[in-house]
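For reference, the chains in residue letters:
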Amino acid sequence: MSGEHNKITASQRIEIVKQKTRPNVVDYISRIFDDFIEFRGDRAFGDDQAILGGIARLGDLPVTVIGHHKGKNTQENIDFNFAMAHPEGYRKALRLMKQAEKFHRPIICFVDTPGAYCGIGAEERGQGEAIAKSLQVMMALETPVITIVTGEGGSGGALGLAVANKVYMLENAVYSVISPKGFASILWKDATREKEAAELLKMTAQDLYEAHIIEGIIPEPEEGAHKDVKQMCKNIEAVLKKDLAELTAKTGVELAQLRYEKFRHMGVFLER
């Protein structure tokens, strides 16, 4: 990473990840994996297009791939609800994760969402419970889980796919408990101070790496991932293959224990 690139502010990175030309989960799946087969539905209510999931091959290794689905234009964004998943989206993801565990397939998640959908229907169908269940089940999965935050990582909507053995972020990605606008609205009662809030939230990949929340940062081209999607996918694929070689050598019990310990250690500090 260049020194100049490291000087980009959090609010500038948010602008980069919100660009319509930025690669989405379909771009990554089509270039990194082979023979992808999409699975739909949560077997309880319906199919949520805000989350895309299925099985594929990474080289010779069968894997389950799940990710938030952003569109490339207005109509697609409406169809995919701007990647803001309903409860059935998280229940679909959990169905695929449990299936992956049963057949000993590693799970790879791509996170890119401003947050879970908070509409009336979503709340009536148990949005909070669906995300909580996702955290509970992912923590105990006896199969490797790798998550990559590719764009926006918004609150519980992002964490619902990010309880993983290894979590990475693309260089310009952001990941936080609340949006800068929401933070500013609550703390200062002034949403116009969102740029100031973005810096205070420590939401960039660099901030989270220094805080030991993520395992690493995947570099992007100078102007963002959209400038060289092919190279971006190669960078991601290299990380996935390296980590899966390590994680697939461990037992299911070891993987679950390591994941539990990783998250238990977050936020622990010593006072001197």
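Up top is the structure these notes are about.
The structure contained in this document is the topic of the report that follows.

Calculation notes
Residues numbered from 1 in each chain as written. Predicted model: local features only at pLDDT ≥ 70, side-chain atom pairs only at ≥ 80, totals over all residues. Heavy atoms only, no water. Axes fitted to C-alpha atoms, helices over the stretch in contact; angles between N-to-C directions. Helix = DSSP H or I, 4+ residues; strand = E, 2+ residues; numbered from the N terminus. Parallel < 35°, antiparallel > 145°, perpendicular 65-115°, else oblique. Contact = heavy atoms within 4.5 Å. Nonpolar A, V, L, I, M, F, W, Y, C, P; charged D, E, K, R; others polar. 1 Å grid on protein atoms, 1.4 Å probe; cavity = no way out; pocket = protein on both sides within 12 Å on 5 of 7 lines; lining within 4 Å. Points joined across faces, edges and corners; volume = space filled by probe spheres on them. Buried < 20%, exposed > 50% of the residue type's maximum accessible area, 1.4 Å probe, protein only. Pairing = 2+ DSSP bridges. Salt bridge = Lys/Arg side-chain N within 4 Å of Asp/Glu carboxyl O.

### Considerations on the packing of helix H7 (residues 127-140) against helix H13 (residues 252-264)
Between two packed helices, the angle of one axis relative to the other and the distance separating the axes together describe the packing.
Piece 1. Packing of H7 against H13 brings their axes to within 7 Å, and their N-to-C directions diverge by 125 degrees. One element, H7, and the other, H13, form an angle in the oblique class. Contacts between H7 and H13 involve Met138, Met139 and Ala140 from the former and Ala256, Arg259, Tyr260 and Phe263 from the latter.
Piece 2. Residue composition of the contact of H7 with H13, grouped by class: six nonpolar, no polar and one charged.

### Brief notes about the environment of Phe39
Piece 1. Tracing the backbone through its elements, the reader meets Phe39 in the loop between strand S1 (34-38) and strand S2 (51-58).
Piece 2. What Phe39 contacts, discounting residues up to four positions off in sequence, is Gly53, Gly54, Ile55, Lys92, Arg95, Leu96 and Gln99.

### Regarding the layout of surface pockets
Piece 1. By volume, the largest pocket amounts to about 360 Å³.
Piece 2. Lining the largest pocket are 20 residues, and of these Ile14, Lys18, Ser179, Pro180 and Glu194 lie nearest its centre.
Piece 3. Its residues placed into classes, the lining of the largest pocket shows eight nonpolar, six polar and six charged.
Piece 4. Of the residues assigned to the lining of the second largest pocket, the class counts are four nonpolar, four polar and six charged.

### Quick notes on the pairing of S2
Piece 1. The buried count for S2 comes to six of eight residues, which makes it a mostly enclosed element.
Piece 2. Sheet topology places S1 next to S2; three bridges connect them, and they run antiparallel. Bridge pairing in S2 places Glu38 opposite Gly54.
Piece 3. Here S2 pairs with strand S3 (residues 61-68) via eight bridges, running antiparallel. Its bridge partner being in S3, Leu52 is matched across the sheet by Gly67.
Piece 4. The antiparallel hairpin formed by S2 and S3 contains two residues in its connecting segment, where Gly59 sits at a positive phi of about 70 degrees.

### Re the pattern of salt bridges
Piece 1. Scanning all chains against the criterion turns up 18 salt bridges.
Piece 2. The shortest N-O distance in the salt bridge between Arg22 and Glu220 comes to 2.7 Å. Placement of Arg22 in the loop between helix H2 (10-17) and helix H3 (25-32) and of Glu220 in the loop between strand S8 (216-218) and helix H12 (229-247) is noted, with a sequence separation of 198 residues between them. Glu220 carries the same exposure label as Arg22, and that label is buried.
Piece 3. Between Lys72 and Asp27 there is a salt bridge; the shortest N-O distance is 2.8 Å. Residue Lys72 is located in the loop between S3 and helix H4 (74-79), and its partner Asp27 is located in helix H3; the two are separated by 45 residues in the primary sequence.

### Considerations on the pairing of strand S4 (residues 107-113)
Every other side chain in a regular strand lies on the same face of the sheet, so the side chains alternate between the two faces.
Piece 1. Of all the seven residues making up S4, seven are buried; the element is thus mostly covered by neighbouring parts of the structure.
Piece 2. Residues Ile107, Cys109, Val111 and Thr113 point to one face of S4 and Ile108, Phe110 and Asp112 to the other, with burial holding for every one of them.
Piece 3. In this sheet, S4 lies alongside S3 in parallel orientation, the contact comprising four bridges. When the bridges of S4 are listed, Thr64 appears paired with Ile107.
Piece 4. The sheet contact formed by S4 and strand S5 (residues 145-154) spans six bridges and is parallel. Residue Ile108 lies in a different strand from S5, and its bridge partner there is Ile146.

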